[in-house]
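Now for the letters of each chain:
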Amino acid sequence: MNNEKEDWALEQDLKYNRLTAFKLFAMTSSMVISVDELAPFGKTGATALFYLLIAGIAWFIPITQMAGEMASIDGWEKGGIFTWVKGSLGDKMGWTAMFYQWIHITVGMDTMMYVIIGALSIAFGTPWFNTTPIVRFILMMIILWGATAIQVIGIRKIGRIAEWLFILGIALPVILLIISFFVYLAQGHPVHMVINWHTIVPHHLNGTTLVAFVPFMLAFCGGEASAPHVKNLDHPKSYSKVMLALAATAICFDLLGSMAIGMTVPKSEIQNSTGFVYTYGKLLTSIGLPGDLLQKIVGVMLACGIIGELGNWISGPNQGMYEAAKEGYMPKFFAKTTKHGVPIRIMILQSAIVTISALLITFTSGTDADFAFNVSLAATTAQYLMVYMIMLIAYMVLKKKHEDYHRMYYMSKNPKLSIAILALIITVVAFFVTFVPAQGTAAGLRGIYVWTLIGMCAIVSILPLVLYHWHEKWQKQ
């Protein structure tokens, strides 16, 4: 009788959570595709095509394929990267990887908020929003704590709101930007970028070319988050096709969006935090539309879209940390939820960490909004790459020692690790390159840039190990 009930429950679960390939594609697209990096890409120039192809083909596709294989192993479908790493490298490394994944977004939220404030500064004609540190910080706190407070209404409602904000505030403006860009080219307006073999491929391997590559890594981060759904696919083997389609879509999206910025606006005029909205005004005016008015509307739409994205990042990763708190990886104080199942105490902790990082980055950058953006972008990338280093090592251990584990999906049944090793080399190189100041950083701020990143990564590296030291004590509570 019990077996019949279990079989029925499993059947209902599979039926309720069954996914088509298209649904999985749509879910993962909302995690990967963003507008935060389009201005830095446009500023990079024609080499953006080369960087996007390298990051997409040699790094993103292997990462998602490995994640899909690990997630399809029996008993590994829940818990994401915590479960995968724990299964290969042990309890401590599993917790460390999940902690890195959770905390990276605390700095990532700073990046999002800088873009929101940049968009609003253009929409309302108030450049001092973006150039006065105290004003910028106050606005960040209003956005952050407002987005945190609204989480009490429940994750399902937040997800619906965020979905509409993504469509109206991110997807629609980018599609309109790309259409306007094609109209701009068709009308024969001048372009500010030369595209040929010599401009696409970087011919000198130095600090400048390597630093330019870093944002392209972040553009593809997050694709592994949907890997646990591989078991819910109608046809698990279609997972690889979904990820290939996603890589192609993300490359085209980022390429066309960045070219629309880089080809229509002189490089010297592109600011990372305001470049997207600023381009709208210039581009629409050039093709005969009221650019000044539409630019303001798009600025508000974009700000709302990224606020929705921010809400998703507040609610999503904290669910994993809540499960960790229940298992004793954090004090039991954090293993509490509201009546709607919202782990509000962990969310408040996360927002407090964001506040500290925002305070540090915002006031050390002074009036230089791009410096603040670049530091937060680099710190986010460095911390996320730490997650991937652990994940790639865990995958290699899995292939060498646990090939007998049953799984529904294989990246490749060939146990050779050349693809994983190449992805790991790219990840390690990109990690160290993040510590090189971005091009255009003022001489007086270069030292602050480097030491801020070193300090943040050092603290993040030590924290999970300190917390794990109290693991057994918290488990007994």
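So, how was this worked out
Each chain carries its own residue numbering, running from 1 in the direction its sequence is written. Residues qualify for local features only when their pLDDT is at least 70, as the model is predicted, and side-chain atom pairs are given and counted only at 80 or more; totals for whole chains, interfaces and linings, by contrast, use all residues. The basis for every side-chain value is the complete set of heavy atoms in the structure, and neither hydrogens nor water enter the calculation. Salt bridge, as used here, is a side-chain nitrogen of Lys or Arg placed within 4 Å of a carboxyl oxygen of Asp or Glu. Where helices and strands are cited, they refer to DSSP runs of H or I of at least four residues and of E of at least two residues respectively, numbered from the N terminus. To estimate how far a helix should reach, multiply one less than its number of residues by 1.5 Å. Here the bend at a residue means the angle between the axes of two seven-residue stretches, the one that ends at it and the one that starts at it. Only protein chains enter the area calculation, which uses a 1.4 Å probe; residues under 20% of their type maximum are buried, those over 50% are exposed, and those in between are partly exposed. Pairing of aromatic side chains requires ring centres within 6.5 Å, counting the rings of Phe and Tyr and the six-membered ring of Trp. Pairs whose planes differ by under 30 degrees are stacked, by over 60 edge-to-face, and all others tilted. Axis lines are fitted to C-alpha atoms, over the contacting stretch for helices. Their N-to-C directions set the angle, which ranges from 0 to 180 degrees. Working definition: roughly parallel below 35 degrees, roughly antiparallel above 145 degrees, roughly perpendicular at 65 to 115 degrees, and oblique for all remaining angles. Each crossing gets its handedness from the near helix: less than a right angle anticlockwise from the far helix is left-handed, clockwise is right-handed. The contact definition used throughout considers only heavy atoms, calling two residues in contact when any of these lie within 4.5 Å. Under the scheme applied here, ten amino acids are nonpolar (Ala, Val, Leu, Ile, Met, Phe, Trp, Tyr, Cys and Pro), four are charged (Asp, Glu, Lys and Arg), and all others, including Gly, are polar. Note on terminology: a nonpolar core comprises buried Ala, Val, Leu, Ile, Met, Phe, Trp, Tyr and Cys residues joined through side-chain atoms within 4.5 Å. The charged-residue count follows a simple rule in which Lys and Arg add positive charge and Asp and Glu add negative charge, with His and chain termini not counted at all. Polar contacts, as used here, are pairs of N or O atoms within 3.5 Å; protein pairs need one atom able to donate a hydrogen and one able to accept it. Residues neighboring in sequence count only if both atoms are side-chain atoms. The way it works is a 1 Å grid over only the protein atoms, where trapped points that fit a 1.4 Å probe form a cavity and open points with protein on both sides within 12 Å along at least five of seven lines form a pocket, and then any residue with an atom within 4 Å of a point lines it. Grid points are joined across faces, edges and corners, and a volume is the space filled by probe spheres set on the points.

*Asks:* What exactly am I supposed to notice about the pattern of salt bridges here?
*Replies:* Pairs can form between side chains of opposite charge whenever their charged atoms are close. What the rule picks out here adds up to six salt bridges. Here K399 ties to E403 by a salt bridge, and the two come within 3.1 Å at their closest N and O atoms. The salt bridge involving R407 is made with E403; its shortest N-O contact spans 3.9 Å. Via salt bridges that share partners, E69, K399, E403 and R407 belong to a single interconnected network.

*Asks:* Can you help me understand helix 4 (residues 47–71) in this one?
*Replies:* Side chains of residues three or four places apart in an α-helix project in the same direction, reflecting 3.6 residues per turn. Taking 1.5 Å of rise per residue, 25 residues should cover 36 Å, and helix 4 covers 34 Å from first to last C-alpha, within 8% of that figure. At G56, helix 4 shows its largest kink, close to 35°. Counting buried positions along helix 4 yields 20 of 25 residues, so the element is predominantly enclosed.

*Asks:* Can you walk me through the packing of aromatic side chains in this structure?
*Replies:* Think of a pair of aromatic rings as described by two things: how far the centres are apart, and how the planes are tilted against each other in angle. A complete count under the given rule lists 17 aromatic pairs for this structure. Where F50 meets Y51, the ring centres are 5.9 Å apart and the plane angle is 65°; that geometry is what we call edge-to-face. With centroids separated by 5.3 Å and ring planes inclined at 75°, the aromatic side chains of F431 and F432 adopt a geometry described as edge-to-face. Residue F431 is classed as buried on the basis of its relative accessible area, which comes to 12%. Counting every residue linked through ring pairs, the aromatic cluster contains F82, W95, F99, W102, Y329 and Y468.

*Asks:* Looking at this structure, how should I read the side chain of Q295?
*Replies:* With respect to the helices, strands and loops of the structure, Q295 is situated in helix 14 (residues 291–326). Overall, the relative accessible area of 12% leaves Q295 in the buried class.

*Asks:* Looking at this structure, how should I read the packing of helix 8 (residues 133–149) against helix 15 (residues 344–365)?
*Replies:* Put simply, helix 8 and helix 15 touch, their axes get as near as 10 Å, and they point 165° apart. Regarding the angle of helix 8 to helix 15, the classification is roughly antiparallel. Every pair of crossing elements has a handedness; the one defined by helix 8 and helix 15 is right-handed. Between helix 8, through P133, I134, R136, F137, M140, M141, L144, W145 and T148, and helix 15, the contact on the second element is made entirely by I344, M347, I348, S351, A352, V354, T355, A358, L359, T362, F363 and S365. Looking at side-chain class alone, the contact of helix 8 with helix 15 contains 15 nonpolar, five polar and one charged residues.

*Asks:* What am I meant to see in the nonpolar core here?
*Replies:* Side chains of nonpolar character tend, in soluble globular proteins, to be buried together. In this structure, W59, W95, F220, F276 and M391 are the most contacted members of the largest nonpolar core, which totals 153 residues. The biggest single contributor to this core is helix 16 (residues 369–401), with 21 residues. Once residues lying within four places of it in the same chain are set aside, the contact partners of M391 are I63, M66, A67, M70, I81, W84, V85 and E224.

*Asks:* What's the story with the side chain of D110 in this structure? I'm lost.
*Replies:* Inspection of the secondary structure assignment puts D110 in helix 6 (residues 91–123). The buried charged residue D110 lacks any salt bridge partner; its closest oppositely charged side chain belongs to R136, at an N-O distance of 9.7 Å. Here the side chain of D110 touches S357 through a polar contact of 2.7 Å, side chain to side chain. Leaving out residues up to four positions away in the same chain, D110 has contacts with M140, V354, S357, A358, I361 and S376.

*Asks:* Before we go on, may I ask you to explain empty space enclosed by the protein in this structure?
*Replies:* Rolled over the atoms, a probe sized like a water molecule indicates the empty space that remains. Going through the model one piece at a time under the given rule, you end up with two cavities of 30 Å³ or more. Empty space within the largest cavity amounts to approximately 240 Å³. Lining of the largest cavity is provided by 21 residues; of these, D36, E37, L218, E309 and W313 occupy positions nearest its centre. For the lining of the largest cavity, the secondary-structure elements that each account for two or more residues are helix 2 (21–32), helix 6, helix 14 and helix 16. Per-element tally for the lining of the largest cavity: the top contributor is helix 6, with five residues. Classifying every residue of the lining of the largest cavity gives 11 nonpolar, seven polar and three charged.

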